[in-house]
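# What the coordinates show
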Amino acid sequence: MCGIVGFTGHHQAAPILLDGLRKLEYRGYDSAGIAVRNGSESAEVVKAIGKLANLIEKTNDGRDLVGNCGIGHTRWATHGEPTKINAHPHVSGNCKNSGSGVVESNVVGVHNGIIENYQEIKAKLLSHGYVFYSGTDTEVAIKLIDYYYKKYGIGPIDALARTMVRIRGSYALAVMFKDYPGEIYVARKDSPMIIGVKDGETFLASDVPAILNHTRSVYYIGNLEMGRLIPGEAHFYDLNGEEIPKEISEITYSAEAAEKGGFQHFMMKEIHEQPKVLKDTIHSIVDGEKINICLSPDELKSFEQIFIVACGSAYHCGVTAQYVIEDMAGLPVRVELASEFRYRNLPIPKGSLCIVISQSGETADSLAALRKIKEEGVPTLAVVNVVGSSIAREADNVVYIKAGPEISVATTKAYNCQLVTLYLIAIEMAFARGRIDSAEKEALLSDIETIPEKVDSILEQQERLQWFASKLINAKDIFFIGRGLDYSICLEGSLKMKEISYIHSEAYAAGELKHGTISLIEDGRLVIGVLTQPELYEKTLSNMVEAKSRGAYLMAVTNYGNYNIEDSTDFVVYIPKCNKYFSASLAIIPLQLLAYYTAVSRGEDVDKPRNLAKSVTVE
Ligand code: G6P
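Everything in this summary refers to the structure shown in the same document. (Residues numbered from 1 in each chain as written. Predicted model: local features only at pLDDT ≥ 70, side-chain atom pairs only at ≥ 80, totals over all residues. Heavy atoms only, no water.)

## Some details on the nonpolar core
Core analysis: the largest hydrophobic core is formed by 96 residues, its most contacted members being Ile-306, Ile-325, Ile-355, Ile-427 and Met-555. In terms of residues, this core owes the most to one element, helix α13 (residues 413-432), which gives 14 residues. What Ile-427 contacts, discounting residues up to four positions off in sequence, is Ile-291, Met-328, Ile-436, Lys-441, Leu-444, Leu-445, Ile-448 and Phe-582. Counting 31 residues, the second largest nonpolar core, distinct from the first, contains Leu-18, Tyr-29, Ile-34 and Phe-266. (Core = buried A, V, L, I, M, F, W, Y, C linked by side-chain atoms within 4.5 Å. Buried < 20%, exposed > 50% of the residue type's maximum accessible area, 1.4 Å probe, protein only. Helix = DSSP H or I, 4+ residues; strand = E, 2+ residues; numbered from the N terminus. Contact = heavy atoms within 4.5 Å.)

## As for the sheet that holds strand β21 (residues 352-358)
Across the sheet, which stays open at both edges, the five strands sit in the order β20-β19-β21-β22-β23 with parallel pairing between neighbours. Two strands close off the open sheet at either side, each with one partner strand: β20 (333-337) and β23 (397-400). Taking each pair of neighbouring strands and ignoring which way they run, the sheet shows an average axis angle of 20°. Where strand β22 (residues 380-384) meets β23, four bridges bridge the pair, whose relative direction is parallel. Counterpart to Ala-382 in the pairing with β23 is Val-398. Across the sheet, α13 is in contact with β19 (305-310), β21, β22 and β23; its angle to β21 comes to roughly 165°. (Pairing = 2+ DSSP bridges. Axes fitted to C-alpha atoms, helices over the stretch in contact; angles between N-to-C directions.)

## Digging into helix α7 (residues 274-285)
A rise of 1.5 Å per residue sets the reference length of α7, with its twelve residues, at 16 Å; its end C-alpha atoms lie 16 Å apart and thus fit the reference within 8%. Buried within α7 we find Gln-274, Pro-275, Val-277, Leu-278, Thr-281, Ile-282 and Ile-285. (Expected span 1.5 Å × (residues − 1).)

## Some thoughts on the state of the cysteines
One pass over the structure, following the stated rule, counts zero disulfides. We note that Cys-317 lacks a disulfide partner, and the nearest cysteine sulfur, in Cys-417, lies 10 Å from it. Since its relative accessible area comes to 0%, Cys-317 is described here as buried. Free cysteine Cys-578: the closest other cysteine sulfur is in Cys-317, separated by 15 Å. (Disulfide = S-S within 2.5 Å.)

## Focus on the pairing of strand β7 (residues 107-115)
In terms of burial, β7 is a largely internal element, nine of the nine residues being buried. Bridging between strand β5 (residues 90-91) and β7 involves two bridges; their strand directions are antiparallel. Among the inter-strand pairings, His-90 is bridged to a residue of β7, identified as Gly-109. Pairing between β7 and strand β8 (residues 169-177): nine bridges, direction antiparallel.

## Quick look at the site of the ligand
Taken together, 13 residues are adjacent to the ligand, and Ser-313, Ser-358, Gln-359, Ser-360 and Thr-363 come closest. Interatomic distance of 2.6 Å between a backbone N/O atom of Gln-359 and an oxygen atom of the ligand. Between Thr-363 and the ligand, the recorded distance is 2.5 Å, taken from a side-chain N or O atom to an oxygen atom. Contact with the protein chains covers 89% of the free accessible surface of the ligand, which is 380 Å². Counting atoms within 2 Å of the grid points, the majority share of the ligand lands in the second largest pocket. Here the shell around the ligand gets three residues from one element, more than from any other, and that element is helix α9 (residues 312-329). (Near = heavy atom within 4 Å. Polar contact = N/O pair within 3.5 Å; in protein donor to acceptor, adjacent residues only side chain to side chain. Areas by Shrake-Rupley, 256 points an atom, 1.4 Å probe, with all protein chains shown as cover. 1 Å grid on protein atoms, 1.4 Å probe; cavity = no way out; pocket = protein on both sides within 12 Å on 5 of 7 lines; lining within 4 Å. Sits in = over half its atoms within 2 Å of the grid points.)

Right, here's the structure in full:
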């Protein structure tokens, strides 16, 4: 999704803006641009389509742009093609030269999000003589700000407030007004934005890594709030233009944590960070025998049904949690895709708890689903990685995972931290409901404590997986099959494979093969079976053998000890024995490595797969 940055201070702005945009590349984009002002001179805009490297080259790494105040943007096209004219920043006046060069406009701005009613506003502005050069909703928003600014002769904050009342949708907006040199004005609704300050300098960005090289002191700007940024200071306002006092928060993780740390790709670094971040997550939630998940034993006892709502890998984590909670805590669980749930009228019975899982805490569909659930008066619990994100702030309760910044678009460590958090929630529910006693709870907690070191030991098999992956360079289709909890692991393993290697892959409940899918099996087709659940081992194995007898090539991921599997399969990865409820955290490791090495051997852009974004902040 789009990323925005801004800077005002005593240094040259453009190199700082470009550095910030580099840190936001992981969000996905197809064009980029910056606007810089030198004192009271007009802003100079430079845009380039494609990789950020093009913009960097065009501006001589920012050195050619003089000025200490500026804004920047990486655009992920939603309204209007990924062209130079549609790239941000956008201006309130007319534009020549595809929007690049010195602009005489009153207002210049960048925007992350979507303005839903932009057509209607555009019609209004056309009738007032505005001329539009791009196909973007952002240009409409910038011109609307200009319209109010001029019509009422009001200040920037009032013009922004009027605009915010008029537009529908989501936005993180950063604008510069010609009459206010050295100042940046921001507004936010449902799109992420943070403000960083240090002596004489102020930064804004869509995400923390973009400013960490400069400062760790940040303000979280709330929903429907605005800000005025001047060198070294930020002031915040509500829709009435009243100033809102805000506390500075300190970011505790290091800038290096957001860098590659010696690995070729962020994804590999993040796969290897799993033992550490799993330990951090467990220890932040478990204190002796206490599991801190924000809900009291009485509340936990009172729930009769659990709804889990999420997208992507977070949804897969929910599917795993469904098996664990149902079996361990004896509660019915429904897992829903947030994008479907938000438009359905699914009756949620009284006595339900709704768990929203989201790494970023900003996924538009998950946020919308959370709001819908809250309107029904159903208690909500969010499992989130990014502190201060929208979902974390709006849910009734939040449990943070401790994955740290995850840069690779394909999630690995955050997914696994979400899993262990959900296991802990399941244990606490089971205990509160009397399904397990103290001794059983203690035993389960001891099992969870062993997950990080077991993950570490699986990582030692990476060379075997690299070797096996090298055989998949020309693969066309891969099928992942499993039953029960193993099926949920297949969903995630298959997503990892397809999203970064671009090899078509599907996950099937193994028992469903005979109902159609088996007709797709032909000579040499790779079928990967996941067999970690003892009671389902024989069943899945026999489904694999059925596929083999039709020509499939078989890989298996199973527990140490199941050595007879070598009689029927071609390649086996063993995972250490663990409590059956927690096997997803281990079995996913070889599948993450397989996807990674397959993508690398095919020469794909592992950390930034085509068409994908890390944080999907639009529908
Ligand atoms: C994107 C990411 C996935 C993630 C999904 C949900 O598709 O690429 O890795 O699982 O969004 O994101 P969330 O931040 O809500 O967990």
